[in-house]
Amino acid sequence: MTRIDTENRSPFPIPFGWFQIGWGGDLKPGEVKPLEYFGRHLALWRDDNGVAKLNSAHCPHLGAHLAYGGTVHGEELTCPFHGWRFTADGRNSHIPYSQRINKKACLDTFPVVERNGLLMAWYHPDGSEPQWEVPEVPEFNDPDNFTEVITREYVIEAPWQELAENGVDSAHFRYVHHTEEVPELVSYDTDGHLAQMRSIQKFPTPRGVVDGRIDADSHGPGFSVIRFGGIVDTVLMGCNSPITPNRCHMRFTFTVRRLGDDAINSTVGQAFVDEIDKQVQEDTPIWQNKAYIARPALADTDGPFTKFRRWASQFYAEPVDDGADVYVPQDAYPFEPLETASRKYGSDPFQS
Ligand code: FES
Ligand SMILES: [Fe+2]
């Protein structure tokens, strides 16, 4: 008999890794913003020297949320309720109506790096140190040859692993995305936190069919770089950040190699973004309503699901359930177009 779990839609806890918590350009020095990721309430702030910090949101004194009225003074964050101050590593540094500090009053601190225009935070349920680095992606640091970025973001009611598994699912492109040519997998290799997929896709052009390349590098569960080559070089950073175990904030940041003409660049970039956006819209009703099948019945020509799942399993520090064969969603998510946000900007936080 199939064992069905109707209370948990996935056997997985929140994975550890680097996760995008914003774009650098959206956080000005002195700003404090409330966020929810990793099943936690968080306060993201930028100190007066321009360095971004992430702490647990609720003040250890009497529980005020530091991002609702909290203020930045130099390199410290001040609580709106009774004026206590905290350093970036979460220690109480000042109580305005006392001569002493409270050494036990601590905020949790999450390491933050700002790279490629993204704000990335390290999450581990034990609070342990980062195990790898967020790589610098040359195309997002080369404004002479690559356009300003275009971004898209979505909130999707599904665990990150279901979204990430889409990459190795070559067969779904024909049925969900109606692409005539299915990308042909050349290789899929994993090495520690890194997973690298190389595929070839045929694109019809007025001058005949061109072989396009798709190179996808995933650096842990939260950060992937996908390069599309062949016709126009387009690069995309794809980031999935768990809000809860079963809800994800998905963000894309795109750039296109400059072709010498701004109008052409922006048409090419926009067409590409629209195609990816269409694919997310098509995938979402499946992601949000699918069950997790622990031992899927695969065809011999299906993509490297087993290898992908083995790679994904290393990012769970907390127990993974193995009491059921099928984990089903508790809610139905009827098809509704996702709300999307699209913006264009540079990544300098000091620029308005
Ligand atoms: S609750 Fe933050 S200072 Fe009192
Ligand atoms: Fe898809």
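Residues numbered from 1 in each chain as written. Chains lettered and ligands numbered in written order. Predicted model: local features only at pLDDT ≥ 70, side-chain atom pairs only at ≥ 80, totals over all residues. Heavy atoms only, no water.

**What to know about the pairing of strand β12 (residues 118–123)**
A regular strand places its side chains on the two faces of the sheet in alternate fashion. Counted residue by residue, β12 has 6 buried out of 6 residues, so it is predominantly covered. The two faces of β12 match: L118, M120 and W122 on one face and L119, A121 and Y123 on the other face are all buried. Both strand β2 (residues 17–23) and β12 contribute to a ladder of 6 bridges, which runs antiparallel. Note that in β12 the partner of F19 across the bridge is A121. Relative to β12, strand β11 (residues 112–115) runs antiparallel, the two sharing 4 bridges. Paired with R115 across the bridge in β12 is L118. Hairpin connection, β11 to β12: the antiparallel pair is bridged by 2 residues, and N116 has positive phi, about 60 degrees. (Buried < 20%, exposed > 50% of the residue type's maximum accessible area, 1.4 Å probe, protein only. Helix = DSSP H or I, 4+ residues; strand = E, 2+ residues; numbered from the N terminus. Pairing = 2+ DSSP bridges.)

**Concerning the domain arrangement of the protein**
With domains assigned, the protein is organised as domain 1 (28–113) and domain 2 (138–331 + 338–343). The straight-line distance from the C-alpha centre of domain 1 to that of domain 2 is 35 Å. With 4 residues of domain 1 at the interface, the matching set in domain 2 holds 6 residues. Both faces considered, domain 1 and domain 2 share a buried interface measuring about 360 Å² in area, 54% of it formed by carbon and sulfur atoms. Here domain 1 and domain 2 share 5 residue pairs in polar contact (both at pLDDT 80 or more) between them. (Domains from an automatic or database assignment. Contact = heavy atoms within 4.5 Å. Buried area = accessible area lost by both parts, 1.4 Å probe. Polar contact = N/O pair within 3.5 Å; in protein donor to acceptor, adjacent residues only side chain to side chain.)

**Points about the sheet that holds strand β4 (residues 40–46)**
Taken together, the 4 strands give an open sheet; going across it, the order is β3-β4-β5-β10, and neighbouring strands pair in antiparallel fashion. Because the sheet does not close on itself, it has two edges, and the strands there are β3 (32–37) and β10 (109–110). Where strand β5 (residues 52–56) meets β10, 2 bridges bridge the pair, whose relative direction is antiparallel. Within the sheet, the bridge partner assigned to N55 lies in β10 and is T109.

**Things to note about the packing of aromatic side chains**
This model, assessed by the stated rule, comprises 19 aromatic pairs. Between the aromatic rings of F16 and W132, the centroid separation amounts to 6.3 Å while the plane-to-plane angle is 45 degrees, which identifies the pairing as tilted. With F16 in the loop between β1 (4–5) and β2 and W132 in the loop between β12 and β13 (149–156), this residue pair connects regions lying 116 residues apart in the sequence. What makes W132 buried here is its relative accessible area of 9%. Ring centres of F16 and F315 lie 6.0 Å apart, and the angle between their planes is 75 degrees; this geometry places the pair in the edge-to-face category. Linking F16 in the loop between β1 and β2 with F315 in the loop between α4 (305–313) and β21 (326–327), this pair joins segments that are 299 residues apart in sequence. Three or more aromatic residues joined by ring pairs make a cluster, and in this case those are F16, W18, W122, W132, F308, W311 and F315. (Phe/Tyr/Trp six-rings, centres within 6.5 Å; stacked < 30°, edge-to-face > 60°.)

**Looking at the coordination of the iron ion (ligand 2)**
Surrounding the iron ion (ligand 2) are the protein donor atoms N166 (OD1), H172 (NE2), H177 (NE2), D283 (OD) and D283 (OD), at 2.1 to 2.4 Å. Sequence positions of the donors to the iron ion (ligand 2) reduce to the motif N-x5-H-x4-H-x105-D. Taken together, the residues span a long stretch of sequence, with H177 in the loop between α2 (172–176) and β14 (184–191) and D283 in helix α3 (residues 262–289) at a distance of 106 residues. Taken as a pair, H177 and D283 share a single burial class, namely buried. (Donors = N, O, S within 2.8 Å, 3.2 Å for Na, K, Ca; no water.)

**Let's talk about the nonpolar core**
In terms of nonpolar packing, the biggest core is built from 52 residues, with I156, F223, M250, F252, F254 and W311 touching the most fellow members. For this core, the element with the most residues is α3, which contributes 5 residues. F252 has contacts with W23, I150, T151, R152, Y154, L236, M237, G238, I276 and V280, leaving out every residue within four places of it along the chain. One finds I21, Y37, L42 and L44 within the second-largest nonpolar core, a separate group that totals 16 residues. (Core = buried A, V, L, I, M, F, W, Y, C linked by side-chain atoms within 4.5 Å.)

**So, the sheet that holds strand β7 (residues 76–78)**
Read from one edge to the other, the open sheet built from 4 strands follows the order β6-β7-β8-β9, with strand pairing classed as antiparallel. In this open sheet, the two strands that pair with only one neighbour each are β6 (71–73) and β9 (92–94). Both strand β8 (residues 85–86) and β9 contribute to a ladder of 2 bridges, which runs antiparallel. Across the sheet, R85 pairs through a bridge with H94, a residue of β9.

**A closer look at the pairing of β13**
With respect to burial, β13 is a largely interior element, 7 of its 8 residues being buried. Relative to strand β19 (residues 247–256), β13 is paired through 7 bridges, and the arrangement is antiparallel. Paired with T151 across the two strands is T253, which belongs to β19.

**Some points on α4**
For α4, the complete set of buried residues consists of F305, F308, R309, W311 and A312. An end-on view of α4 places all buried positions within 160 degrees of arc, on one side of the element. Away from the buried face of α4 by more than 90 degrees, exposed residues T306 and R310 are located. (Arc of directions from axis to C-beta.)

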